[in-house]
Amino acid sequence: MKKALVIGGGLHGLSTALHLARTPGWQVTLLERRHVGRHSSGVNAGGVRRLGRALPEIALSVIAAEMWQNITALVGDDCGFRATGQVKVAESTADMAKNEARVAQVRALGWSHEEVVDQVEVRRLLPAVSRHVVGAIVTRDDGSADPMRTVMAFRRAAEQAGVTIVEGVAVTGLEATAEGTIRVDTDQGPYEAERVANCAGAWAPDLAALTGETIPCGTKASMMIVTERLPPFVDPTVGATARALSFKQTAAGTVVIGGGHQGRNDKAAETSTVLFGSLAHAARIAAEIFPCVAQARIVRSWTGTEARPPDDMPVIGESRTLPGLFHSFGFSGHGFQLSPAAGAAVAELMARGATNLPVAPFTQDRFTVPA
Amino acid sequence: MSVADEWTAAKDGAAPVAEKVDLLVLGAGPAGMAAATEARAHGMSVLVLDENAAPGGQVHRAVEARLPAKDDQDKDGAKLAAAFRASGAQYRPGATLWAVEPEGKVFWSEAGAARSVRAERLILCAGATERPLPIPGWTLPGVMSVGAAQIALKTSGLVPEGAVWLAGQGPLLWLYAVQALAKGGRIAGIVDLSPPGGLRRAQPHLLRALKAPEYLWRGLVWQRQVKRAVQVIPARDLRAEGEGRLARILVDGVAHPADLLLLHDGVVPNTQVTRAIAGLTHGWDPVQRCWRPGLDLWGNTAVPGVMVAGDSGGIGGARAAALSGRIAALEAGRALGRITTDERDGRAGPLRLLRDRQLAPRLFLDAMFPPLPEAAIPDETVLCRCEEVTAGRVRQAVALGCLGANQTKAFTRAGMGPCQGRICGPAVHGVIAAARGVQGGEVDPFRTRFPTKPLTLGELAALAG
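As annotated in an unreviewed UniProt entry, chain B carries the name FAD-dependent oxidoreductase and is attributed to Falsiroseomonas oleicola.

Per an unreviewed UniProt entry, the recorded name for chain A is FAD-binding oxidoreductase, and the organism is Falsiroseomonas oleicola.

Caption draft 1: Seen up close, the packing of helix 2 (residues 30-41) of chain B against helix 3 (residues 72-85) of chain B. Residues and elements named next belong to chain B. In the contact formed by helix 2 and helix 3, the axes pass within 9 Å of each other and the chain directions differ by 40°. Accordingly, the angle class assigned to the pair helix 2 and helix 3 is oblique. Once helix 2 is placed against helix 3, the crossing between them reads as left-handed. Every residue of helix 3 that contacts helix 2 at Pro30, Met33, Ala34, Ala36 and Thr37 is listed here: Leu80, Ala81, Ala83 and Phe84. A class-by-class count of the residues in the contact of helix 2 with helix 3 yields 8 nonpolar, 1 polar and no charged.

Caption draft 2: Quick peek at the packing of helix 1 (residues 11-21) of chain A against helix 7 (residues 147-160) of chain A. Residues and elements named next belong to chain A. Where helix 1 meets helix 7, the axes come as close as 9 Å, and the angle between the chain directions of the two elements is 25°. With respect to each other, helix 1 and helix 7 are oriented roughly parallel. Our pair here, helix 1 against helix 7, has a crossing hand that is left-handed. Here Leu11, Leu14, Ser15, Ala17, Leu18 and Ala21 of helix 1 come into contact with helix 7, specifically with Thr150, Val151, Phe154, Arg155, Ala157 and Ala158. Its residues assigned to classes, the contact of helix 1 with helix 7 comprises 9 nonpolar, 2 polar and 1 charged.

Caption draft 3: Highlighting the UniProt feature "domain: FAD/NAD(P)-binding" (unreviewed entry) in chain B. The sites that carry the UniProt feature "domain: FAD/NAD(P)-binding" (unreviewed entry) are, in the present numbering, residues 22-138 of chain B. This span, residues 22-138 of chain B, is 22% helix and 34% strand, and a straight line between its end C-alpha atoms measures 44 Å.

Caption draft 4: Looking closely at the interface of chain B and chain A. Counting from both sides, the interface comprises 21 residues of chain B and, opposite them, 27 residues of chain A. Mapped by element, the contributors of at least two residues to the side of chain B that touches chain A are strand 4 (95-101), strand 22 (455-456) and helix 15 (457-462) of chain B. Taken together, the residues that form the side of chain B that touches chain A break down as 15 nonpolar, 4 polar and 2 charged. Direction of pairing for strand 19 (residues 297-308) of chain A relative to strand 22 of chain B: antiparallel, over a ladder of 2 bridges. Its bridge partner being in strand 22 of chain B, A:Arg297 is matched across the sheet by B:Thr456.

Caption draft 5: Highlighting unusual backbone geometry. Residues and elements named next belong to chain B. Of note, the amide linkage connecting leucine 67 to proline 68 takes the cis form, showing an omega dihedral of -10°. With respect to the element layout, proline 68 can be found in the loop between strand 2 (46-49) and helix 3. A positive phi angle, close to 55°, is found at alanine 62, a residue other than glycine. A positive phi angle, near 45°, is found at aspartate 252, a position not held by glycine. You can see aspartate 252 is positioned in the loop between strand 13 (248-251) and strand 14 (254-257).

Caption draft 6: Spotlight on helix 4 (residues 146-156) of chain B. Residues and elements named next belong to chain B. Turning to helix 4, its buried residues are Val146, Ala149, Gln150 and Leu153. All buried residues of helix 4 fall inside an arc of 100° around its axis, so they share one side. Exposed residues lying more than 90 degrees from the buried face of helix 4 are Ala148 and Ser156. Buried residues along helix 4 sit in contact with strand 8 (143-145), strand 9 (164-169), helix 5 (171-182) and strand 15 (260-265).

Caption draft 7: Focus on the confidence of the model for chain B. In the predicted model, chain B carries a mean pLDDT of 92, and 96% of its residues have values of at least 70. Here residues 1-14 of chain B scores under 50 on pLDDT; set against residues more than four positions off or in separate chains, the count is 14 contacts.

Caption draft 8: Seen up close, the sheet that holds strand 10 (residues 189-192) of chain B. All names here are of chain B. If you trace the 5 strands from one edge of the open sheet to the other, you get 8-15-9-10-11, paired in parallel fashion. In this open sheet, the two edge strands, each paired with only one partner strand, are strand 8 and strand 11 (232-234). In this sheet, adjacent strand axes meet at a mean angle of 25° when their direction is disregarded. As judged from the 6 bridges shared by strand 9 and strand 15, these two strands associate in the parallel manner. Residue pairing in the sheet places alanine 167 in a bridge with leucine 263 of strand 15.

Caption draft 9: Focus on helix 14 (residues 425-436) of chain B. All names here are of chain B. Compared with the 16 Å implied by 1.5 Å per residue over 12 residues, the 17 Å span of helix 14 between its first and last C-alpha is a close match. The buried fraction of helix 14 is high, at 9 of 12 residues. Those residues of helix 14 not exposed but buried are Gly425, Pro426, Ala427, Val428, His429, Gly430, Val431, Ile432 and Ala433. Looking at the packing, one finds that the buried side of helix 14 touches strand 16 (267-269), strand 18 (290-293), strand 20 (382-384), helix 12 (391-399) and helix 13 (405-412). Immediately beyond the C-terminal end of helix 14, within one or two residues, lies glycine 437, with a positive phi of roughly 70°.

Caption draft 10: View of the domain arrangement of chain A. Residue and element names in this part refer to chain A. What the domain assignment reports for chain A is domain 1 (2-45 + 148-217 + 311-367) and domain 2 (86-140 + 218-308). Taking only C-alpha atoms into account, the centre of domain 1 sits 30 Å from that of domain 2. Split by residue class, the side of domain 1 that touches domain 2 holds 9 nonpolar, 7 polar and 1 charged.

Caption draft 11: Highlighting the environment of B:Val106. All names here are of chain B. Counting through the fold element by element, valine 106 comes out in strand 5 (residues 105-110). Placed 20 residues apart in sequence, valine 106 and alanine 86 show a C-alpha to C-alpha distance of 25 Å. Among all residues touching valine 106, those that are not within four sequence positions of it are Leu24, Leu97, Val100, Ser116, Val117, Ala119 and Leu122.

Caption draft 12: The pairing of strand 12 (residues 195-198) of chain A, seen in detail. Residue and element names in this part refer to chain A. Of the two faces of strand 12, the one carrying Arg195 and Ala197 and the one carrying Val196 and Asn198 are both buried. The sheet contact formed by strand 1 (residues 2-7) and strand 12 spans 4 bridges and is parallel. By the bridge assignment, alanine 4 is partnered in strand 12 with arginine 195. Summarising the sheet, strand 12 and strand 21 (residues 325-329) pair through 3 bridges and their orientation is parallel. Counted as the bridge partner of alanine 197 is phenylalanine 326 from strand 21.

What counts, and where the lines are drawn
- Residues numbered from 1 in each chain as written.
- Chains lettered and ligands numbered in written order.
- Predicted model: local features only at pLDDT ≥ 70, side-chain atom pairs only at ≥ 80, totals over all residues.
- Axes fitted to C-alpha atoms, helices over the stretch in contact; angles between N-to-C directions.
- Helix = DSSP H or I, 4+ residues; strand = E, 2+ residues; numbered from the N terminus.
- Parallel < 35°, antiparallel > 145°, perpendicular 65-115°, else oblique.
- Left-handed = near helix turned anticlockwise from the far one by under 90°.
- Contact = placed C-beta atoms within 7 Å.
- Nonpolar A, V, L, I, M, F, W, Y, C, P; charged D, E, K, R; others polar.
- UniProt positions renumbered as here; feature names shortened; annotations may be inferred.
- Pairing = 2+ DSSP bridges.
- Buried ≥ 20, exposed ≤ 12 C-beta atoms within 10 Å, placed from the backbone.
- Arc of directions from axis to C-beta.
- pLDDT = per-residue confidence, 0-100.
- Expected span 1.5 Å × (residues − 1).
- Domains from an automatic or database assignment.

Structure follows, in structure tokens:
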């Protein structure tokens, strides 16, 4: 058996470990500094969305969408996934024009999941939407899932596939050995493996830096609000063309509101903080697009820490300084949907050095200025 | 007109609030009133936020409506309230704080509108909160806490009617019985659930407790008075039953008709706000089995600029709370450069001696009245009322490898409802610790998140300007 280590117990680390453990000949250990799902994996909005993806991400996202439709086959649990659709509303004729151009562009590339709808259809899909909404882009079989339940399902599946998960272990160093393997030093002694995955999220660039590789990457602390339970009034997950919004009602009746409004990160302390002056904008946009929630009581707000490269796209590829180390991080707040497919791609890269999955656009070489 | 004058002059809720203030005090109980008064004496601009309609907190609730004061407690409260009213601190009643951000930005709501201010320093005097006493049937209408009944007694003079039972343990249970009887209330009986051997446990602390003998004396008098008028049944098992509302209680299997059941299992520091502040550390009190913020002698927390005074830093009673409020205000004055370190030390010295004397009986009382054991809570008992999660389900989650209160949220939704664990937190935490067979300090506390009190989306949206 060949040995592999996955660093990071978020959803991408778990998915990578799961896929690799199901590849014959691999013995996989996952190291997590705190506990599985500690940061953004466990607390994100749970959007399972192709709609509105940056063009280089669409191919991987479409494959991931197919995996979500059969998520029970992959991890033995439905992860709370409901294909209730994603809707991005247009609030003006300018928004509508933008939507039409976008969908034309996506369709020209051969994808058909995005669809422009008019005011009549958007009101049919979202009876509670404000009357000023004039139309939308819709992806009818997108949806949402329960983030923590998804993390737990991937964890269970990974362990059943033979992955050893070690929580409370922090990586302190990475280096090549004379035998061609990689030594991973931790605060509880060294590990050794032939392949290592760097799925450490916001802290992944720091691990790369330990091997002398500089990958430009900042952080995000997207803020979320959850309200008290309300009677059911909306099925799809809703966004907006010109404003930052993510809005959905859970099966329990609570409304979860996000959209990428940023709180503050403290990477060293591994905490992030809500800033209400900024979160107020999320509340305002939500209450303007769904006036019925203005009187709903907020019961909680939170943030999660996540890595964000300069172009808001993930870094997936082999290290340029330490062969055998593979990066997978920087999903910039939209990696939840991609996790089943990205994990499969990284596991293939680790096991056989290549993959047919469309992750080529995400190599860190894109940040290298040509000489 | 100075900023402070402008504030004092304003009378209604629409009064303007400055963008910045030297000191923000949360709570107008004994600690908050004393802190604000002391801080004003040293020239700080002070803003006091309090949820209630009038100053006093829980112990001195509505004290100004009972003037002239008759008993010692009301006399203390009336004195504090009068000094506070005259201090020139800006006082916002009906104001609910819901967030504290780094650099002292504080958010609150009053009359349905959200507001914010930047404070150089904070003294949080959030008081105590009742430890829940979950028993089978405690969610029935007709079952409430002794603390809630005491609020009704103090604000509206409401005495319970019909077949009223008190149950649980702790000094407040006896105090409430005394107060209710004095107001002409009738009590059918008291179910004493405290584990036997209280005096034996407390005895090693007796000598120290006698530094302030009036506490013990008062406690003995309360119990004697009550026992003369009311039957007291020592018991281990208590259930509430009824069809749609409380009809009877079962005391160790024996049924008694009941119209109202008042439960009490002691009080714990209210740490709802301090636990939500990033970096503010808490320590575990193994005797009273509760969290309390880590504080230095002055009331400084681990977060610079954020201080705690009164029972929310550790249960000490009203007099100790007022003293710690003044001590914290002196430290705030030093930190803001209003008084020198020598002046702070000089003024605080006698206050600290007085506070030590007030705190002398605490070890005795804490050992005498330990909280009831969570391991004994039957599986079918609802712990989290908002999400209707039973003790059995929490224990199941522990068996599945869920080691902390925060993971229990993901497994069971316990603590995820509108109260965000304010009511059930200590019980869920205790059940997890007992099920794991470890000390409570080894189980992480419920992480609280701002807003620590619910506000509407519309209120928050209005801040977007």
